Amino acid sequence: MIKEIACEITKEIKGSLQDLDEVSLENLFSELHSANRIFFHSTGRSKLALMYFAMRMMHIGYRVHLVGDYTCPAIHPGDVLFILCADGNTSVSLEMAKKCKQIGGIRIVLVTAAAESAIGELADLTIFLPCPAKNVQSERKTIQPYNSLFEQTFLFAIDAGMICYFNERLGRPLDGDIPLHANLE
């Protein structure tokens, strides 16, 4: 029974991935590649998924920070605030987006399952992950607890897919040395 459940989940993930907008994903590359620094923010389990991507971006040479870490510096014009928020309305994330708009010159990227949201109205680029999530209406169904499919779609599309795309665009082999990988292990 567990194998059947797992196979059904992989079908759900594949369905969500097939409905992604390729142009918005390519625009994501441009946004992140042209940023001075990238500040990543999310909450809950989504934050764990986001940390995968932030770490991989650091490994390939980008200046990244996790909002809320003790060593996170101030954000400035020319930086990007990357928000992962299933419903696009989480209050702490919305306040950060508003603060960035007040500062000015900071690009906001939102990855969300919501077609419309308060953060989406402030975002310069919104990546829509077409899957059900808590407080989000969706035609797609899932057998999983809320937001699980959202986080899995993010991991496959953004963490795995985008990192391969970044490496390809930057002419870096996927099986090569990773000079910025931790060496104090």
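Scroll up a little and you will see the structure.
About the criteria used
Residues numbered from 1 in each chain as written. Predicted model: local features only at pLDDT ≥ 70, side-chain atom pairs only at ≥ 80, totals over all residues. Heavy atoms only, no water. Buried < 20%, exposed > 50% of the residue type's maximum accessible area, 1.4 Å probe, protein only. Helix = DSSP H or I, 4+ residues; strand = E, 2+ residues; numbered from the N terminus. Pairing = 2+ DSSP bridges. Axes fitted to C-alpha atoms, helices over the stretch in contact; angles between N-to-C directions. Phe/Tyr/Trp six-rings, centres within 6.5 Å; stacked < 30°, edge-to-face > 60°. Core = buried A, V, L, I, M, F, W, Y, C linked by side-chain atoms within 4.5 Å. Contact = heavy atoms within 4.5 Å.

## Here's the deal with the pairing of strand S3 (residues 80–84)
Line of reasoning, step 1. Burial runs high along S3: 5 of the 5 residues are buried.
Line of reasoning, step 2. Here S3 shows two buried faces, one formed by Val 80, Phe 82 and Leu 84 and the other by Leu 81 and Ile 83.
Line of reasoning, step 3. Bridge count for strand S1 (residues 38–41) against S3 is 4 bridges, and the pairing is parallel. Bridge pairing in S3 places Ile 38 opposite Val 80.

## Considerations on the sheet that holds strand S5 (residues 125–128)
Line of reasoning, step 1. Read across the sheet, 5 strands follow the order S2-S1-S3-S4-S5 without closing on themselves; strand pairing throughout is parallel. Single-partner strands in this sheet number two, and they are strand S2 (64–66) and S5. Taking the axes of each pair of neighbouring strands and ignoring which way they run, one obtains an average angle of 20° across the sheet.
Line of reasoning, step 2. Bridge analysis of strand S4 (residues 107–112) against S5 gives 4 bridges, and the strand direction is parallel.

## Description of the packing of aromatic side chains
Line of reasoning, step 1. All chains considered together, the criterion is met by 8 aromatic pairs.
Line of reasoning, step 2. Arranged with centres 5.2 Å apart and planes meeting at 50°, the rings of Phe 40 and Phe 82 form a pair that is tilted. With Phe 40 in strand S1 and Phe 82 in strand S3, this pair connects stretches of sequence that are 42 residues apart. Pair check on accessibility: Phe 40 and Phe 82 agree, each one buried.
Line of reasoning, step 3. Taking 5.4 Å as the distance between ring centres and 85° as the angle between the ring planes, the aromatic pair formed by Tyr 62 and Phe 166 counts as edge-to-face. With Tyr 62 in the loop between helix H3 (44–59) and S2 and Phe 166 in helix H6 (residues 148–169), this residue pair connects regions lying 104 residues apart in the sequence.
Line of reasoning, step 4. Using a relative accessible area of 11% as the deciding quantity, one classes Tyr 62 as buried.
Line of reasoning, step 5. Judged by its relative accessible area of 0%, Phe 166 is buried.
Line of reasoning, step 6. A connected cluster of aromatic rings, assembled from ring pairs, spans Phe 29, Tyr 62, Tyr 165 and Phe 166.

## What about the nonpolar core?
Line of reasoning, step 1. Grouped together as the largest cluster of nonpolar side chains are 41 residues, with contacts concentrated most on Phe 40, Phe 53, Met 57, Phe 82 and Phe 154.
Line of reasoning, step 2. Among the elements that make up this core, the one with the highest residue count is H6 (8 residues).
Line of reasoning, step 3. When neighbours within four sequence positions are excluded, Met 57 is seen to be in contact with Leu 32, Ile 38, Phe 40, Tyr 62, Val 64, Ile 163 and Phe 166.

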